[in-house]
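# Analysis of the macromolecular model
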Amino acid sequence: MDPLSEVLAPLNSQNAFFGGLKAGGDWAVHFPAPQGGKFNAVVRGGCWLAAEGLAEPLWLAAGDCLLLTRSLPLTVGSDLSLPALDADALYLQAKNGMASCGEGETCLFIGGRFSFGQEVERLFGSLPALMVIRGGTEEAAVLQWALQRLADELVRPSPGSTLMTHHLGQIMLTQALRIYLMGEESAASGWLPALFDPRIGAAMQAVHADPARRWTVASLAAAASVSRSTLALRFKQKAGMAPLEYVSRWRMLLATRALRTGSEPVSTIAQRLGYDSDSAFSHAFKRMMACSPRDYRRTREEKKGAACGAWGITWRSSCT
């Protein structure tokens, strides 16, 4: 499995919400800051968008999508000078997740919210808070297909619609990230942008394919077909960390995932990730996570929603 799929697959859109807004005439709706990631798209018509970080309102036409990677409020409407209706109150009257506003249905606006917890921070941490992906391009064809299918499921729900909307939502999220990160305007650094760099991405792919291998800078450079010095410099510039630090962090992500979701003995996890002994694994885990593997597992069982470390953000944090 490639690195992006490996990160997105277990998220499974848990606690996701998908809905739509039919609007017409003069209207404006305010959406409070979401918890987690969020995307929105215009299926029909168009509307203005105002959000923190935008110098002035932005016009969204049919086919345009936006990806919100931070907890930011936003307002959409035909006329943003109007008093905006509260989206939460509006959706209390929604039918099958579809709300209505104003007179007529000249605009169809759909969206999805993904509550991934710290998984979202790990994935989006280095990206802009708000990304707009314009429709009408060849690269956006898959996005437009998923957008139309998702709109159909929301407007005309049928048996299996819940599962369909969740999978289509993930397709849209993945394709939106692809389009943005492959664009020339993206100069961000971090795990996700580094993944799209041909050389650094090849080294990361090699680590994901065999995390237990005794990786060295030389072997990673060979996987990327560059010199050791080039790999070290480029990796630091694009991913924000040294190559072997990435190896350690990826192993810890796999370890925390296994400890959180499975019942494998710690020794089995340690061996699968390439550690010679339980003590070596425990030492590496404690250095990065500030607690032992067993304490981490116990804490996660006691506090299902508690966080213990974040990829590339805060790795040393208390398990309690």
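This text goes with the structure placed above it.
Let me sum up the structure you'll find in this document. Not measured: the values here are computed from a predicted model.

Reading the values: rules and limits
- Residues numbered from 1 in each chain as written.
- Predicted model: local features only at pLDDT ≥ 70, side-chain atom pairs only at ≥ 80, totals over all residues.
- Heavy atoms only, no water.
- Helix = DSSP H or I, 4+ residues; strand = E, 2+ residues; numbered from the N terminus.
- Buried < 20%, exposed > 50% of the residue type's maximum accessible area, 1.4 Å probe, protein only.
- Pairing = 2+ DSSP bridges.
- Phe/Tyr/Trp six-rings, centres within 6.5 Å; stacked < 30°, edge-to-face > 60°.

### So, the environment of A232
Of note, A232 is situated in helix α9 (residues 228-239). Classification of A232 as partly exposed rests on a relative accessible area of 32%. Note: C-alpha distance between A232 and L220 (12 residues apart in sequence) is 9.6 Å.

### A word on the pairing of strand β7 (residues 74-77)
On any regular strand, side chains alternate: one points to one face of the sheet, the next to the other face. Of the two faces of β7, the one lined by L74 and V76 and the one lined by T75 and G77 are each fully buried. Pairing of strand β2 (residues 28-31) with β7, which is carried by four bridges, proceeds in the antiparallel orientation. Along β7, the bridge assignment pairs V29 with V76. Sheet analysis places strand β4 (residues 46-51) next to β7, joined by four bridges and oriented antiparallel. Paired with L49 across the two strands is V76, which belongs to β7.

### Quick look at the packing of aromatic side chains
Evaluated as defined, the whole model comprises six aromatic pairs. Their ring planes at 70° and their centres at 5.2 Å tell us that W48 and W59 sit as a pair that is edge-to-face. With W48 in strand β4 and W59 in strand β5 (residues 58-61), this residue pair connects regions lying 11 residues apart in the sequence. On the basis of relative accessibility, which here comes to 33%, the residue W48 falls in the partly exposed class.

### Section: the pairing of strand β6 (residues 65-68)
Across the two faces of β6 the burial is the same, with C65 and L67 and L66 and L68 all buried. Bridge count for strand β3 (residues 37-44) against β6 is four bridges, and the pairing is antiparallel. Along β6, the bridge assignment pairs F39 with L67. Here β6 pairs with strand β11 (residues 130-133) via four bridges, running antiparallel. By the bridge assignment for β11, L68 is matched with L130.

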